[in-house]
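# What the coordinates show
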Amino acid sequence: MDFSLSVKHLELQARARQFAEQVLQPYEMECEDNDGLSPESLTAINGKVMEWELNALNHTKEDGGQGYNIFEQMLVDEQLGRVTGAIWDTVFRPSYPMKFASPAQKAEYLIPTCQGKRRDCYAITEADAGSDPTQCRTSATKVAGGWSLNGEKWFVTVGDWADYILLHAHVDGDPAKASVFFVDKNLSGVKVKRTPRYTHHFCYKHPEFIFEDVIVGEDKLLGEVGRGLDYTKDWFVEARLGIAARCVGGATRALEVANEFASKRVQFGTTIRDFQGIEFMLADMAVEIMAAKSMLYRICWGIDNGGERKLNHARVAALKLYCSEMVGRVCDRAVQILGGRGYMRENPVERLWRDTRVDRIWEGTSEIQRVIIGGQIKRRGLEVYTGW
Ligand SMILES: Cc1cc2nc3c(=O)[nH]c(=O)nc-3n(C[C@H](O)[C@H](O)[C@H](O)COP(=O)(O)OP(=O)(O)OC[C@H]3O[C@@H](n4cnc5c(N)ncnc54)[C@H](O)[C@@H]3O)c2cc1C
């Protein structure tokens, strides 16, 4: 087995690293100081994403994307994870389930989104439907020529910047008929209820939306009635892999900053890395990143090499759990090593520590990943995790 990266992989990894450092990192303090980026900055970055050919990594070239496989996408995500303020999210990646769109829907939504001319957001979560999306109350009712949509959605990431929403709703209020609809944000009845503030200073916002008798045509249903949860699960696999990769990248930057600081900071007449208490923290950080990275690369490689869909879902849950908890521990130690400076918002370790907290919550909390892993062990045996 050859674990070395090919020339193509190394080029992609280097390009993503340069993009993160040269294009995105200069915007970090604007995002931090203003709790987001200005439309001018977002538009400028959008142009750069296209120029550097990092748009729509996850969609085919025919649909206007880059056609990268899972391993290649992961290589990019890992580097983007070094950036604070979630500015990685400007490197837009149209939602995975749009692969199932009709040719007309691809022409109207997917292709312009891959080309950076439109932007999607995905709305599943509601007040009473979080970890359990079957409790979704947003409904779709058949009317002459289309559908009437009613409900409320929370935490819609990029909802401020996107021009259309992929809306998860239950046809006739029936959870067995969970479905996804394309909803243009400018339609009558689509309203922003409020835009709460969060722990992180994200380059976009996460508004709450109300849908009141929103009428969409029959052609706005994505795929088939009743496939909504399947699409959501596919989206989760892709989103969880992205989280895992970014956690490895963020943890690596935090370690680099802490390692450099520990080499220069002198107290009691010696650099602080000479204190075993500090050196052991650096050692633990490096080992945890190494373990997470090994898992990440191996699972991504497995998915591209014929991994079975259910097994991929099972293993990606373990990966997301481990990487998101790992980055929390690593960033916490980085803050500690930097002492008071680690608690200053102008310092990337403070921002990484705050930004990565959400990785244990979104796209399935740590507890939900453990529920998936426990269920898989019960149904299929330990081999899913230990026998490969
Ligand atoms: C910044 C941010 C951005 C987001 N972006 C989006 C988005 O773009 N689109 C979208 O649809 N959603 C989005 N979400 C929502 C996110 O996916 C949910 O917050 C998440 O799934 C958890 O749901 P919840 O917040 O309702 O928590 P709950 O489901 O109410 O959970 C509360 C607690 O109970 C625990 N719990 C629940 N069930 C179990 C169980 N079976 N066993 C053990 N413990 C359990 C949870 O782990 C958690 O600790 C976003 C959230 C945040 C914070």
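This text goes with the structure placed above it.
Residues numbered from 1 in each chain as written. Predicted model: local features only at pLDDT ≥ 70, side-chain atom pairs only at ≥ 80, totals over all residues. Heavy atoms only, no water.

### What about the layout of surface pockets?
Formally: Here a cavity is any set of points on a 1 Å grid over the protein atoms alone where a 1.4 Å probe fits but cannot get out, and a pocket is any open set with protein on both sides within 12 Å along at least 5 of 7 lines; a residue lines the site when it has an atom within 4 Å of a point. Grid points are joined across faces, edges and corners, and a volume is the space filled by probe spheres set on the points. Helical segments are the DSSP runs of H or I of at least four residues, strand segments are the runs of E of at least two, and each set is numbered from the N terminus. Note on residue categories: nonpolar means Ala, Val, Leu, Ile, Met, Phe, Trp, Tyr, Cys or Pro, charged means Asp, Glu, Lys or Arg, and polar means any other residue, Gly included.
Its volume calculated, the second largest pocket comes out at about 480 Å³. What lines the second largest pocket is a set of 20 residues, among which Asp234, Val237, Arg309, Asn312 and His313 lie closest to the centre. Mapped onto the lining of the second largest pocket, the elements with two or more residues apiece are α6 (228–264), α7 (276–304), α8 (309–337) and α10 (366–380). Sort the elements by how many residues they give to the lining of the second largest pocket and α6 lands first, with 6 residues. Looking at the lining of the second largest pocket, its residues break down into 6 nonpolar, 4 polar and 10 charged.

### Focus on the site of the ligand
Put simply, the test is: Working definition: residue near molecule or strand if any one of its non-hydrogen atoms lies within 4 Å of it. In protein, a polar contact requires one atom able to donate a hydrogen and another able to accept it; more generally it is a pair of N or O atoms within 3.5 Å, and residues adjacent in sequence count only if both atoms are side-chain atoms. Only the protein chains shown count as cover for residues, and the accessible areas themselves come from Shrake-Rupley with a 1.4 Å probe.
Inspection of the region around the ligand gives 18 residues, with Thr125, Ser131, Thr157, Thr365 and Glu367 positioned closest. Within the backbone of Ile124, a nitrogen or oxygen atom sits 2.8 Å from an oxygen atom of the ligand. Within the side chain of Ser131, one N or O atom sits 2.6 Å away from an oxygen atom of the ligand. Isolated, the ligand exposes 970 Å² of accessible area, and the fraction of that covered by the protein chains is 65%.

### What about the pattern of salt bridges?
Convention followed: The term salt bridge refers to a pairing of a side-chain nitrogen on Lys or Arg with a carboxyl oxygen on Asp or Glu at a separation within 4 Å. Between buried and exposed lies partly exposed: a residue is buried under 20% and exposed over 50% of the maximum accessible area for its type, with that area taken using a 1.4 Å probe on protein chains only.
This structure, assessed with the given rule, holds 32 salt bridges. A salt bridge links Glu21 to Arg82; the nearest nitrogen and oxygen atoms lie 3.8 Å apart. Residue Glu21 is found in helix α1 (residues 7–24), and its partner Arg82 is found in the loop between α4 (70–80) and α5 (103–114); the two are separated by 61 residues along the sequence. Given the relative accessible area of 34%, Glu21 is considered partly exposed.

### Some details on the packing of α6 against α8
Filter applied, for reference: Axes, fitted as lines to C-alpha atoms, cover a helix only where it is in contact. Angles between the N-to-C directions of the axes lie from 0 to 180 degrees. The labels follow the angle: roughly parallel below 35 degrees, roughly antiparallel above 145, roughly perpendicular from 65 to 115, and oblique for the rest. Left-handed describes a crossing in which the near helix is turned anticlockwise from the far one by less than a right angle; the clockwise case is right-handed.
Packing of α6 against α8 brings their axes to within 8 Å, and their N-to-C directions diverge by 25°. The angle between the axes of α6 and α8 places the two elements in the roughly parallel class. The interaxial crossing formed by α6 with α8 has left-handed handedness.

### A short note on the packing of aromatic side chains
Rules: Geometry of aromatic contacts follows a simple scheme: Phe, Tyr and Trp rings, the Trp one being its six-membered ring, pair when their centres are within 6.5 Å, and the pair is stacked under 30 degrees between planes, edge-to-face over 60, tilted otherwise. Each ring is checked for a lysine NZ or an arginine CZ that lies within 6 Å of its centre and within 35 degrees of its normal; such an atom marks a charge sitting over the ring.
Under the definition given, this model contains 19 aromatic pairs. Aromatic pair Trp88 and Phe202: ring centres 5.9 Å apart, planes at 80°, arrangement edge-to-face. Linking Trp88 in the loop between α4 and α5 with Phe202 in the loop between β6 (190–194) and β7 (208–217), this pair joins segments that are 114 residues apart in sequence. Phe202 sits in the buried class, given a relative accessible area of 3%. The ring of Phe236 has Arg240 sitting right over it, with the charged end atom 4.5 Å from the ring centre. A cation over a ring is seen here: Arg246 above Trp88, with NZ or CZ 3.5 Å from the ring centre.

### Re the state of the cysteines
Convention followed: Two cysteine sulfur atoms make up a disulfide if the distance between them is within 2.5 Å.
Scanning all chains against the criterion turns up 0 disulfides. The structure places no disulfide on Cys203, whose sulfur is separated from the nearest cysteine sulfur, that of Cys31, by 5.6 Å. The exposure class assigned to Cys203 is buried, which follows from its relative accessible area of 2%. Cys323 carries a free sulfur, and the closest cysteine sulfur to it, the one in Cys247, is 6.3 Å from it.

### Remarks on the environment of Glu53
What counts here: Whether two residues are in contact is decided by their heavy atoms: any pair within 4.5 Å suffices.
Among the structural elements, Glu53 can be located in the loop between α3 (39–51) and α4. Leave out the neighbours within four places in its chain, and Glu53 touches Arg15 and Gln66.

### With respect to the pairing of strand β3 (residues 146–153)
Here is the key point about a regular strand: its side chains alternate between the two faces of the sheet. Convention followed: By the convention used here, strands pair only if DSSP detects at least 2 bridges between them.
Pairing of strand β2 (residues 139–143) with β3, which is carried by 5 bridges, proceeds in the antiparallel orientation. Each bridged residue has a counterpart across the sheet, and for Lys142 the counterpart in β3 is Trp147. Counting the residues that bridge the hairpin from β2 to β3 gives 2 residues, and of these Gly145 lies at a positive phi of roughly 80°. As defined by bridge partners, β3 adjoins β7 across 7 bridges and the pair is classed as antiparallel. When the sheet's bridge partners are listed, Trp147 is paired in β7 with Val216.

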